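What follows is each chain in one-letter form.
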Amino acid sequence: MQSLRFIALMLIVSIMASGCSQISFKKEKEVELKIFTRYASGYGYNELIQLVEARFPNIKLNTLVPKEPNASDEDIVDLILAEKPDLYYSYDPANYTDEIDLIDLSPIMIKDQNQLSDIQQTLYNQALVDNGKITQLSPTFSMPVVYINRSMLQDKNVAEPGPTWTWDEFREIALQATDASLRRYGYELKYYNWFTILEWAGKVNGLSVADDNGRLILDQPEWEAVAMQIAEDNVNSVIRQTHMSEDNGETVALKVSMLNDIFQEIGDAQYADKWLIAPMPYLPSNGMTTPYFLLDPFAIDSRSEHVNEASQVIEYLMSKDAAPDLAAKLPQSFLMFPEYNNTGEISIDHLLTSQGTWVRDDYSRYWESVGQISRLIDDEFKSLTSGNVSINNFWANIVRAAEQINAEL
């Protein structure tokens, strides 16, 4: 009898063990997510792919890129319409077509509000919300800042700005630091053309290139005032153009660039003595301050059959759990959790406080108009530099061109 009881007990144990074994070894369903990016060779892309696939063994990311590096916007739209990617990386199809909707990602941000960093909270409250939706999220960010050449200011006995400074103070410092005889300039926007310089100055002064209907609004007197200031700085060689042969940091007092440029200098022990990193200047009447920019954001195509898995990927990358691995794999990126950002002896704490809003232009609605006016503005400023057009006439030419573009909309 005891032997029968023992056998029965062993059978029960065996059945239970078998059941537990089946449960514990059950594999999650494997899912392939197609992710579209225009440039798969960009900094950090492969590292992010490796991190995601290590975190989610059941998810395989299949990268989709244009066949030609110089593929046209039309070719790219045709590709993504045909291939139906699940995810987008550093690409917003809404800028090029109305045929694709992106998933609202705000639930990812509001799921654990108490877990959001101050940077994420700022982005959620101000920079990312558009018509109640958030369609792009990124685990990394940057911001435009001004690198101030302290030695150039000292040579001219020019006082450094405080923790905040106005647009007028920015221009005054630049003018005082300029020395044409030594080929030293007041300021520059790194890498950009004249349209971008003018557009940046407009944003600092709270101005947008177009209204909500996509019509260019350069006929505003505020725009003329800013344009004339940039024109005067151009004529007086206060602005340095970055294509000049002496393009280095020793000949410009104020260099407007992205915060990430700091990673080129963190090995220089004297960098903090030679340079001051300042937030954007602003116009007190609009109260705008330096904005955060998303670097290489992710988005989800509404046509995806794997929205849940795609959302898990983004939610993980946005979480504090991922921050240590992101910091290890992307050492030259700024993460949403500042405690994981390493800039050596150079402090950026003063840049991460009291963030404000920024003029946001939705170029997708008037991309062609902006393209036309940007080329014309660039040509007018070049003509101004060469003396082929008068400073009194150049802006009137631009306004007339804008009116003509509006008439053809």
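In this report, we go over the structure that sits alongside the text. If you're wondering where the values come from, they're calculated on a predicted model, not measured in any experiment.

As for the overall build of the protein
- A tally of helices and strands in the protein yields 14 helices and eleven strands.
- Counting across all 409 residues of the protein, residues that qualify as buried make up 47%.
- Here the analysis covers contacts within the protein between residues at least 6 apart in sequence; of these, 78% occur between residues at least 24 apart.
- Of the roughly 21400 Å² of accessible surface on the protein, 48% is carried by carbon and sulfur atoms.

Side note on the nonpolar core
- If you look at the biggest cluster of nonpolar residues, it comprises 50 residues, and the most contacted ones within it are Ile230, Leu254 and Ile373.
- Not counting the four nearest positions on each side in its chain, Leu254 is found in contact with Val146, Tyr147, Ile148, Trp165, Phe170, Ile173, Ala174, Gly186, Tyr187 and Glu188.
- With 32 residues, the next largest nonpolar core counts Leu137, Val313, Tyr316 and Met318 among its residues.

Points about a negative patch on the surface
- Taken together, Glu68, Glu74, Asp75, Asp78, Asp98, Glu99 and Asp101 make up a surface patch of like negative charges.
- With respect to the secondary-structure elements, Glu74 resides in helix α3 (residues 73–83).
- Assessed through its relative accessible area of 55%, Glu74 is described here as exposed.

Notes on the sheet that holds strand β6 (residues 185–189)
- Across the sheet, four strands lie side by side as β6-β7-β5-β8; this open sheet has mixed pairing. What marks the edges here is a single partner per strand, and that holds for β6 and β8 (275–278). When strand polarity is set aside, the average angle formed by the axes of neighbouring strands in this sheet is 20°.
- Looking at chain direction, β6 and strand β7 (residues 252–258) are connected through four bridges and run parallel. Its bridge partner being in β7, Tyr187 is matched across the sheet by Leu254.
- Against the sheet, helix α7 (residues 167–177) touches β5 (144–149), β6 and β7, its axis set at about 135° to β7.

Considering helix α8 (residues 194–204)
- Of all eleven residues in α8, eleven are buried; the element is thus mostly enclosed.
- Along α8, the residues that are buried comprise Trp194, Phe195, Thr196, Ile197, Leu198, Glu199, Trp200, Ala201, Gly202, Lys203 and Val204.
- Between the side-chain oxygen of the N-cap and the backbone nitrogen of Phe195 there are 3.4 Å, and the N-cap of α8 in question is Asn193.

Considerations on the pattern of salt bridges
- Considering all chains together, one arrives at eleven salt bridges under this definition.
- Its salt-bridge partner being Lys156, residue Asp179 comes within 2.8 Å of it at the nearest N-O pair. Of the two residues, Asp179 sits in the loop between α7 and β6 while Lys156 sits in the loop between α6 (150–155) and α7, which places them 23 residues apart along the sequence.
- Residue Asp179 is classed as buried on the basis of its relative accessible area of 13%.
- The exposure class of Lys156 is partly exposed, given its relative accessible area of 34%.
- Residues Lys320 and Glu339 are paired through a salt bridge, measuring 3.0 Å at the closest nitrogen-oxygen approach. In this pair, Lys320 is assigned in the loop between α11 (307–318) and α12 (323–329) and Glu339 in the loop between β11 (334–335) and α13 (367–386), connecting sequence segments 19 residues apart.

What about empty space enclosed by the protein?
- Applying the stated rule across the entire model yields one cavity of 30 Å³ or more.
- Here the largest cavity defines a volume of roughly 30 Å³.
- Among the elements of the structure, α11 and α12 are those that each provide at least two residues to the lining of the largest cavity.
- Partitioned by chemical class, the residues of the lining of the largest cavity number eight nonpolar, two polar and no charged.

Criteria and thresholds
All chains use their own residue numbering, which begins from 1 and follows the written sequence. It should be noted that, the model being predicted, local features are given only for residues of pLDDT at least 70 and side-chain atom pairs only at 80 or more, the latter also being counted only at that level, while totals for whole chains, interfaces and linings use all residues. Calculated side-chain values reflect all of the structure's heavy atoms, with hydrogen atoms and water omitted. Strands here are runs of E lasting at least two residues and helices are runs of H or I lasting at least four, both read from the DSSP assignment and numbered beginning at the N terminus. Remark: exposure states derive from per-residue accessible area (1.4 Å probe, protein chains only) relative to the maximum for the residue type, with buried under 20%, exposed over 50%, and partly exposed in between. Working rule for contacts: check all heavy atoms of both residues, and any pair within 4.5 Å makes them a contact. Here the Shrake-Rupley method, with its probe set to 1.4 Å, supplies the accessible areas, and only the displayed protein chains count as covering residues. Residue types Ala, Val, Leu, Ile, Met, Phe, Trp, Tyr and Cys, when buried and joined through side-chain atoms within 4.5 Å, form a set referred to as a nonpolar core. Put simply, a patch holds well-exposed residues, over 30% relative accessible area, that have no salt bridge, with like charges counted together within 9 Å and Val, Leu, Ile, Met, Phe, Trp or Tyr side chains within 5 Å. The working definition used for a salt bridge is a side-chain nitrogen of Lys or Arg within 4 Å of a carboxyl oxygen of Asp or Glu. Positive charges are assigned to Lys and Arg, negative charges to Asp and Glu, while His and the chain termini are left out of the count. Where a charge sits is defined by one atom per residue type, namely NZ (Lys), CZ (Arg), CG (Asp) or CD (Glu). Here, strands pair whenever DSSP counts at least two bridges between them. Here an angle of 0 to 180 degrees is reported between the N-to-C directions of two axes, which are lines fitted to C-alpha atoms, with helices fitted over the stretch in contact. Any pair of N or O atoms that falls within 3.5 Å is considered a polar contact. Within protein, one atom must be able to donate a hydrogen and the other to accept it, and sequence-neighbouring residues count only if both atoms are side-chain atoms. A cavity here means a set of 1 Å grid points, computed over protein atoms only, where a 1.4 Å probe fits but cannot escape. A pocket is an open set with protein on both sides within 12 Å along at least 5 of 7 lines, and lining residues have an atom within 4 Å of a point. Grid points are joined across faces, edges and corners, and a volume is the space filled by probe spheres set on the points. By the convention adopted, Pro, Cys, Tyr, Trp, Phe, Met, Ile, Leu, Val and Ala count as nonpolar, Lys, Arg, Asp and Glu as charged, and the other residues, Gly among them, as polar.

Read these as spatial facts, not as claims about activity.
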